[in-house]
Amino acid sequence: MSTHNHIETFKCYQISEVFAIAAMNLLLIHVADGSMERAINHGFLPASIDKNPLGLSNFGISSIILFFLAIGLDVRNKNPSNVTKTLIIVGGAVIGTTALGASIMDKNGGWIVTFLTISVVGYVIMGLGILRAALLKNNTINSIT
């Protein structure tokens, strides 16, 4: 492997980890704020930052985009990061489960379709992470034998 290819692979490796870590941080901020908002009717994020016109958090949407970017960069790597794979799987599960829980707890029913769509997107992210981990494990087993 040439030095240029090695450096490029290392950069993608680091960037995918940074995207996955940033996505998880944004997601956890979003979940914590949403939980506080449901419990005491006011989250810790200012209303001007927290909501966009669709009623979905900018933090939540940003985390979904960053998770997909991390997946794309991780797929490009020949030696993917275990940190990235783990954060993608856990992040997808958190997105899917919290969106599903929010849609069940929603009393007015206006955003149920949106929450269920976000739930499916979260489980797709989780599934892509699991698929990536399974394919890499299978390739490792095949290269050993």
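Residues numbered from 1 in each chain as written. Predicted model: local features only at pLDDT ≥ 70, side-chain atom pairs only at ≥ 80, totals over all residues. Heavy atoms only, no water.

Caption draft 1: Layout of the overall build of the protein. On a plain count of helices and strands, the protein comes out with five helices and zero strands. In the protein, the succession of α and β elements from N to C terminus is α-α-α-α-α. Looking at the protein as a whole, 32% of its 145 residues qualify as buried. By sequence separation, contacts in the protein at least 24 residues apart represent 68% of the contacts at least 6 residues apart. For the protein, the computed accessible surface area is about 8700 Å², with 69% contributed by carbon and sulfur atoms. (Helix = DSSP H or I, 4+ residues; strand = E, 2+ residues; numbered from the N terminus. Buried < 20%, exposed > 50% of the residue type's maximum accessible area, 1.4 Å probe, protein only. Contact = heavy atoms within 4.5 Å. Areas by Shrake-Rupley, 256 points an atom, 1.4 Å probe, with all protein chains shown as cover.)

Caption draft 2: The arrangement of the side chain of Lys85 in detail. The residue Lys85 is located in helix α4 (residues 82-105) in this model. Despite its burial, Lys85 remains without a salt bridge, the nearest opposite charge being carried by Asp74 at 6.5 Å. In this structure Lys85 touches Asp74, Arg132, Ala133 and Leu136, once residues within four positions along its chain are discounted. (Lys, Arg positive; Asp, Glu negative; His and termini not counted. Salt bridge = Lys/Arg side-chain N within 4 Å of Asp/Glu carboxyl O.)

Caption draft 3: The nonpolar core, seen in detail. By size, the foremost hydrophobic cluster in this structure holds 15 residues, and its most contacted members are Phe67, Ile88, Ile95 and Ile125. Among the elements of the structure, α1 (3-40), α3 (58-76), α4 and α5 (112-144) are those that each provide at least two residues to this core. The biggest single contributor to this core is α3, with five residues. If sequence neighbours within four positions are ignored, Ile95 has contacts with Leu27, Ser63, Ile64, Phe67, Ile118, Gly122 and Ile125. (Core = buried A, V, L, I, M, F, W, Y, C linked by side-chain atoms within 4.5 Å.)

Caption draft 4: Geometry of a nonpolar patch on the surface. Together, Phe68, Val120, Val124, Leu128, Leu131 and Leu135 make up an exposed nonpolar region whose accessible area comes to about 500 Å². Counting residues per element, the nonpolar patch draws most heavily on α5, which supplies five residues. Examined against the element boundaries, Leu135 turns out to sit in helix α5. (Patch = residues over 30% accessible without salt bridge, like charges linked within 9 Å, V, L, I, M, F, W, Y side chains within 5 Å.)

Caption draft 5: View of the environment of Leu136. Along the chain, the position of Leu136 falls in helix α5. Sequence-wise, Leu136 and Pro80 are 56 residues apart; in three dimensions their C-alpha atoms are separated by 8.6 Å. If we skip the residues at most four places from it in the chain, Leu136 touches Pro80 and Lys85.

Caption draft 6: Geometry of the packing of α3 against α4. With their axes 10 Å apart at the nearest point, α3 and α4 run at an angle of 150° to one another. The orientation of α3 with respect to α4, classified from their angle, is roughly antiparallel. As α3 packs across α4, the resulting crossing turns out to be left-handed. Residues Ser63, Ile64, Phe67, Ala70, Ile71 and Asp74 of α3 form the contact with α4, whose own contacting residues are Thr84, Lys85, Leu87, Ile88, Gly91 and Ile95. (Axes fitted to C-alpha atoms, helices over the stretch in contact; angles between N-to-C directions. Parallel < 35°, antiparallel > 145°, perpendicular 65-115°, else oblique. Left-handed = near helix turned anticlockwise from the far one by under 90°.)

Caption draft 7: Highlighting α4. Helix length check: α4 (24 residues) gives 34 Å between terminal C-alpha atoms against 34 Å at 1.5 Å per residue, within 8%. Where α4 is concerned, the buried positions are Thr84, Lys85, Leu87, Ile88, Gly91, Gly92, Ile95, Gly96, Ala99, Ala102 and Ser103. (Expected span 1.5 Å × (residues − 1).)

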